[in-house]
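# Coordinate analysis (summary)
Given next are the chains, with one letter for each unit.
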Amino acid sequence: MSRNFMSSDEIRSLFAQAMSDMYRNEVPLYGALMELVAKVNAETLAANPALEDQLTRNHERARLDQERHGAIRVGTAEELTMLRRLFAVMGMVPVGYYDLSVAGVPVHSTAFRPVTAEALARNPFRVFTSLLRLELIEDAELRAEVDAILQQRDIFTEGARALIAQCERDGGLEEADARQFVREALETFRWHGDATVSHATYHALHDAHRLIADVVSFRGPHINHLTPRTLDIDAAQEEMQARGIDAKAVIEGPPRRLVPILLRQTSFKALEEAVAFPGDSGTERGTHTARFGEIEQRGLALTPKGRALYDQLLNQAREAGGAGSTGGDYSERLAAAFAQFPDDLDTLRREGLGYFHYALTERGLAESSSARSLPAEALIAAGLATADPIVYEDFLPVSAAGIFQSNLGGAEQHAYAAHESRDEFEAALGAKVADEFALYADLEAASLAALRQ
Ligand code: OOG
Ligand code: NI
């Protein structure tokens, strides 16, 4: 029996586009962000042909205009497990574990994303997915109520469940089924302006934690933001301010540098939206604040050594003066701390701080295989090979906490006394999360091996 399955990459691309179209309709300000980012990217590329060459060599140029991530939050293990199966249809697997309880957000998270070089080049769509940690709700009665509410809902359509099972059984979906799957899957991420709980219950949940109200009060885990990728986040931030968009005060992540590392992010504040709450004597009107727009700039993926240095310097900047990331001089403290982080590609590579993609130059390709068997550094020195940064495809817990925070009313939250519980998260997920460092190391190793062929 021969089957003509649509590739998981293509299903993911269709889905990412459908999500973007839906979110642009739901939150028009997101459309404004997309436009702004397209403009900044076009200007940045026009001013910097070397950057365009580098992105092209790295298969990042074509994906850039479609590149974005989203985020959702769910309430139960069953929901998380089913999401894992849903994302698997699109070639997206859980990568990394993020504990946000230390920042006062009662969730832990992973990122569903593609992992192979080919899939990433085709469309790197990622979804940061958080699971509510019920055990962190202190009030036992409220905890029981939350549990009861969550047990009653089904965030997936019957059609989505059936097509996921079909895909798992058959090993793929033919085009018509794949298109139907995208439509059905989209329903899970749609906004619902009608809550499933009374206004009073909503307030009780909200008092326990704003995020709990967001996860529990609705029929589904509405996508809460989508994030296009910019090549110059400082320009994008200025442009947001110039257009009167209510942007977050600080850019999360490392400071501006010559060689961008990891991830820098900014967002506009969440919108206050009308919600209808069911009540005994008819519908009650209220509002809910959850959905926003975000912009990110991605840079070099760091090795464990580079990441340790990043974490150390970030802590140093945040702790200097005990002011966290809200003190007025934060960007100066950050820049001062990061003066210790090498900022040229050769040093970053030679000191083993980042992951690189190696490729032969035209002259390298013309060489004999014995010349090509020299160490990579010798090939680079002789102009026979290039080494370009491997882009960071993941997230940063401190930054994520900052994004949550700025959309939870600004006030710093108290940290939970809990600690990370990766095992429980993986049990709820029904799978292990992949180690992001191993994935980058594999990409680098494959490019080195290809030099010799
Ligand atoms: C997720 C926040 C994390 C990011 O870009 O770090 C995130 C959320 O608010 O649900 O999306
Ligand atoms: Ni985000």
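Now for a quick tour of the structure. Within every chain, residues take consecutive numbers counted from 1 along the sequence as written. Lettering for chains starts from A, numbering for ligands starts from 1, and both go in the order in which the items are written. In keeping with the predicted nature of the model, local features appear solely for residues at pLDDT of at least 70, side-chain atom pairs appear and are counted solely at 80 or more, and the whole-chain, interface and lining totals rest on all residues. Only hydrogens and water are removed before side-chain values are computed, so all heavy atoms of the structure are retained for them.

Moving on, we get to the overall build of the chain. Looking only at helices and strands, the chain has 21 helices and 13 strands in total. Taking 453 residues into account, the globule formula puts the C-alpha radius of gyration at 22 Å, and the chain, at 23 Å, falls close to it. Taken along its principal axes, the extent of the C-alpha atoms in the chain is 80 × 70 × 40 Å. For every residue, the accessible area (1.4 Å probe, protein chains only) is compared with the maximum for its type, and the residue is labelled buried under 20%, exposed over 50%, or partly exposed between those bounds. Buried residues in the chain amount to 55% of all 453 residues. Within the chain, contacts between residues separated by at least 24 positions form 75% of all contacts whose residues are at least 6 apart in sequence. Where the 45 positive side-chain charges of the chain centre and where its 68 negative ones centre are 4 Å apart. Counting from the N terminus, the helices are DSSP H or I runs at least four residues long and the strands are E runs at least two residues long. A radius of gyration in this sense is built from C-alpha atoms; the matching globule rule multiplies 2.2 Å by the number of residues raised to 0.38. Whether two residues touch is decided by their heavy atoms; if any such pair falls within 4.5 Å, the residues are in contact. Only four residue types enter the charge count: Lys and Arg as positive, Asp and Glu as negative, with His and the chain ends excluded. Where a charge lies is defined by one atom per residue type, namely NZ (Lys), CZ (Arg), CG (Asp) and CD (Glu).

Each residue is tested against the molecule or strand, and it is near if at least one of its non-hydrogen atoms lies within 4 Å. Neighbouring ligand 1 are His69, Ala71, Arg73, Phe128, Asn224, His225, Gln265, Glu294, Phe395, Ala400 and Phe404. Any pair of N or O atoms that falls within 3.5 Å is considered a polar contact. Within protein, one atom must be able to donate a hydrogen and the other to accept it, and sequence-neighbouring residues count only if both atoms are side-chain atoms. Within the side chain of Gln265, one N or O atom sits 2.5 Å away from an oxygen atom of ligand 1. Residue Glu294 places a side-chain N or O atom 3.1 Å away from an oxygen atom belonging to ligand 1. Where accessible areas are quoted, they stem from the Shrake-Rupley method and a 1.4 Å probe; at the residue level, only the protein chains shown are allowed to cover. Contact with the protein chains covers 100% of the free accessible surface of ligand 1, which is 320 Å². Its atoms largely coinciding with the cavity grid, ligand 1 occupies the largest cavity. Where the shell around ligand 1 is concerned, the elements lending two or more residues are β2 (68-74) and α19 (397-406). Sort the elements by how many residues they give to the shell around ligand 1 and β2 lands first, with three residues. Of the residues belonging to the shell around ligand 1, the class tally is five nonpolar, four polar and two charged. A cavity here means a set of points on a 1 Å grid, drawn over the protein atoms and nothing else, where a 1.4 Å probe fits but cannot get out; a pocket is an open set with protein on both sides within 12 Å along at least five of seven lines, and a residue lines either one if it has an atom within 4 Å of a point. In this scheme, a molecule is assigned to a cavity or pocket if more than half of its atoms are within 2 Å of the grid points. For this classification, the nonpolar set comprises Ala, Val, Leu, Ile, Met, Phe, Trp, Tyr, Cys and Pro, the charged set comprises Asp, Glu, Lys and Arg, and every other residue, Gly included, is treated as polar.

Soluble globular proteins tend to pack their nonpolar side chains together in the buried interior. Residues grouped as a nonpolar core are buried Ala, Val, Leu, Ile, Met, Phe, Trp, Tyr and Cys residues, joined through side-chain atoms within 4.5 Å. Core analysis: the largest hydrophobic core is formed by 59 residues, its most contacted members being Phe15, Leu86, Phe87, Phe181 and Phe189. Leaving out residues up to four positions away in the same chain, Phe181 has contacts with Ile11, Leu86, Val89, Met90, Leu163, Ile164 and Leu173. Core analysis: the next-biggest nonpolar cluster, separate from the first, contains 47 residues, Tyr330, Ala376, Ile390 and Phe395 among them.

Right, let's get into empty space enclosed by the protein. Grid points are joined across faces, edges and corners, and a volume is the space filled by probe spheres set on the points. All chains considered together, the criterion is met by two cavities of 30 Å³ or more. One number sums up the size of the largest cavity: a volume of about 140 Å³. When its residues are assigned to classes, the lining of the largest cavity shows eight nonpolar, four polar and two charged.

The method is simple in principle: a probe with the dimensions of a water molecule rolls over the atoms, and the space it marks as empty is what remains. Quantified by volume, the second largest pocket comes out at close to 580 Å³. Along the lines of polarity and charge, the residues of the lining of the second largest pocket split into 15 nonpolar, five polar and nine charged.

With that out of the way, let us pick up helix α8 (residues 158-170). Over its 13 residues, α8 extends 18 Å from the first C-alpha to the last, a length consistent with the 18 Å expected when each residue adds 1.5 Å. Residues of α8 that are buried: Ala160, Leu163, Ile164, Gln166 and Cys167. Across the axial projection of α8, the buried residues extend over an arc of 160°, all falling on one side. Facing away from the buried side of α8, by more than 90 degrees, are the exposed residues Glu158 and Arg169. Where α8 terminates, the next one or two residues include Gly171, which has phi positive at roughly 85°. The span expected for a helix works out to 1.5 Å for each residue beyond the first. Here the arc refers to the set of directions running from the helix axis out to each C-beta atom.

The next subject is a negative patch on the surface. Negative charge collects at one region of the surface, where Glu138, Asp139, Glu141 and Glu145 lie side by side. Along the chain, the position of Glu138 falls in the loop between β5 (126-132) and α7 (140-152). Two distance rules govern patches: like charges are joined within 9 Å, and nonpolar side chains (Val, Leu, Ile, Met, Phe, Trp, Tyr) within 5 Å, applied only to residues with over 30% relative accessible area and no salt bridge. Counted as salt bridges are all cases of a side-chain nitrogen of Lys or Arg within 4 Å of a carboxyl oxygen of Asp or Glu.

Turning next to the coordination of the nickel ion (ligand 2). Sites may look incomplete because water is not among the atoms; the donors themselves are N, O and S atoms within 2.8 Å of the metal, or within 3.2 Å for Na, K and Ca. Protein coordination at the nickel ion (ligand 2): the donors are His69 (NE2), His225 (NE2) and Glu294 (OE), at 2.1 Å from the metal. Mapped onto the polypeptide sequence, the residues donating to the nickel ion (ligand 2) form the spacing pattern H-x155-H-x68-E. Here His225, found in strand β7 (residues 225-228), pairs with Glu294, found in strand β11 (residues 293-298); they are 69 residues apart in sequence, far enough to count as distant. On the basis of relative accessibility, which here comes to 5%, the residue His225 falls in the buried class. Residue classification places Glu294 among the buried residues on the basis of a relative accessible area of 1%.

Another aspect to go through is the environment of Leu51. Tracing the sequence through the fold places Leu51 in helix α3 (residues 49-57). In this structure, Leu51 is in contact with Thr44 and Leu231, ignoring residues within four places of it in sequence.

Let us look at the side chain of Arg63. Inspection of the secondary structure assignment puts Arg63 in helix α4 (residues 61-64). Residue classification places Arg63 among the buried residues on the basis of a relative accessible area of 3%. A polar contact is formed between the side chain of Arg63 and the side chain of Glu393, at a distance of 3.0 Å. In contact with Arg63, not counting residues within four places along its chain, are Leu120, Ala121, Pro124, Arg126, Arg229, Val391 and Glu393.

Spatial relationships are all this shows, so hold off on functional conclusions.
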